[in-house]
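Structural features, examined
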Amino acid sequence: MTGVDGLALARVLHVLGVVVWIGGVWMATTVALPAMRRGALGPDRLAAFQAIERRFVWHARTAVLVVGLTGLYMTDRLDLWSRFADGRFWWMHAMVFVWSLFFLILFVGEPLVLHRYFPPWARRDPERAFAALHRVHVVLLTLAMVTVFGAMAGAHGWLLF
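This text gives an overview of the structure that appears in the document. Each chain has its residues counted from 1, running along the sequence as written. Where totals are concerned, whole chains, interfaces and linings use all residues; where local detail is concerned, this predicted model gives features only for residues with pLDDT of at least 70, and gives and counts side-chain atom pairs only at 80 or more. Each side-chain value is derived from all of the structure's non-hydrogen atoms; neither hydrogens nor water enter the calculation.

Remarks on the side chain of His 134
Our working rule: Runs of H or I in DSSP of at least four residues are treated as helices and runs of E of at least two as strands, each being numbered from the N terminus. What makes two residues a contact is simply this: any of their non-hydrogen atoms within 4.5 Å.
Along the polypeptide, His 134 turns up in helix H4 (residues 126–155). Non-local contacts of His 134, meaning those with residues more than four positions away in its chain, are made with Thr 29, Leu 33, Pro 34 and Arg 37.

Comments concerning the nonpolar core
Going by this rule: Here, the term nonpolar core denotes a set of buried Ala, Val, Leu, Ile, Met, Phe, Trp, Tyr and Cys residues that are joined through side-chain atoms within 4.5 Å. The buried label applies to any residue whose accessible area, calculated with a 1.4 Å probe on protein chains only, is under 20% of its type's maximum; exposed applies above 50%, and partly exposed to all values in between.
With 14 residues, the main nonpolar core has Trp 21, Ile 22, Val 25, Val 64, Val 98, Phe 102 and Leu 106 as its most contacted residues. For this core, the secondary structure elements donating two or more residues are helix H1 (6–38), helix H2 (45–77), helix H3 (90–124) and H4. It is H2 that contributes the most residues to this core, five residues altogether. Setting aside residues no more than four positions away along its own chain, Val 25 makes contact with Phe 102, His 137 and Leu 141. Met 36, Leu 46, Ala 48 and Phe 49 belong to the second largest nonpolar core, which has 11 residues in total.

Considerations on the layout of surface pockets
Defined as follows: In this analysis, the protein atoms alone were mapped onto a 1 Å grid. Cavities are point sets where a 1.4 Å probe fits without being able to get out; pockets are open sets with protein on both sides within 12 Å along at least five of seven lines; lining residues have an atom within 4 Å of a point. Grid points are joined across faces, edges and corners, and a volume is the space filled by probe spheres set on the points. Residue classes follow a fixed rule: Ala, Val, Leu, Ile, Met, Phe, Trp, Tyr, Cys and Pro count as nonpolar, while Asp, Glu, Lys and Arg count as charged, and any other residue, Gly among them, counts as polar.
Counted as a void, the largest pocket has a volume near 950 Å³. His 14, Gly 71, Met 74, Met 95 and Ala 151 are the residues nearest the centre of the largest pocket, which is lined by 32 residues in total. Among the elements of the structure, H1, H2, H3 and H4 are those that each provide at least two residues to the lining of the largest pocket. With eight residues, H1 is the single largest residue contributor to the lining of the largest pocket. Tallied by class, the residues present in the lining of the largest pocket amount to 23 nonpolar, seven polar and two charged. For the second largest pocket, the calculated volume is near 640 Å³. When residues of the lining of the second largest pocket are traced back to their parent elements, those giving at least two are H1, H2, H3 and H4. For the lining of the second largest pocket, the leading source of residues is H3, giving 10 residues. Classifying every residue of the lining of the second largest pocket by side-chain character gives 24 nonpolar, three polar and two charged.

It is worth stressing that arrangement in space is one thing and function is another; only the former is reported here.
And the structure:
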């Protein structure tokens, strides 16, 4: 192969972006948040959360942007638009939904809502605040994993429905 195949590069970047993004959600949901809730990262749960979130948020934002751009590129380049009209390709809708949800959370909800309302709540009632944050992450992770499963199965001809 000579030169760079744009479609192959888009696929590679897409998968790498998903690995960083959803891997981060997995780590936050199954490792970091449970450790914070137990106080294993120190007595100040909010400080622990903010330290981790501050370091990871730009990784997640970058990954989500890369996944969105490469997904759009591949859909257009491969002319996959008709799949959105066919329910057998439900995972195409799921990918767009999960991507849109995370885009809104990372670029709107996190800076405008989470930063404003979560710290006072976490100081006032850390048990409930971190339990709620953990539940939200469990839901997001579940949606993401169902979508990844469906997309990988569908990409290999296993349409499931």
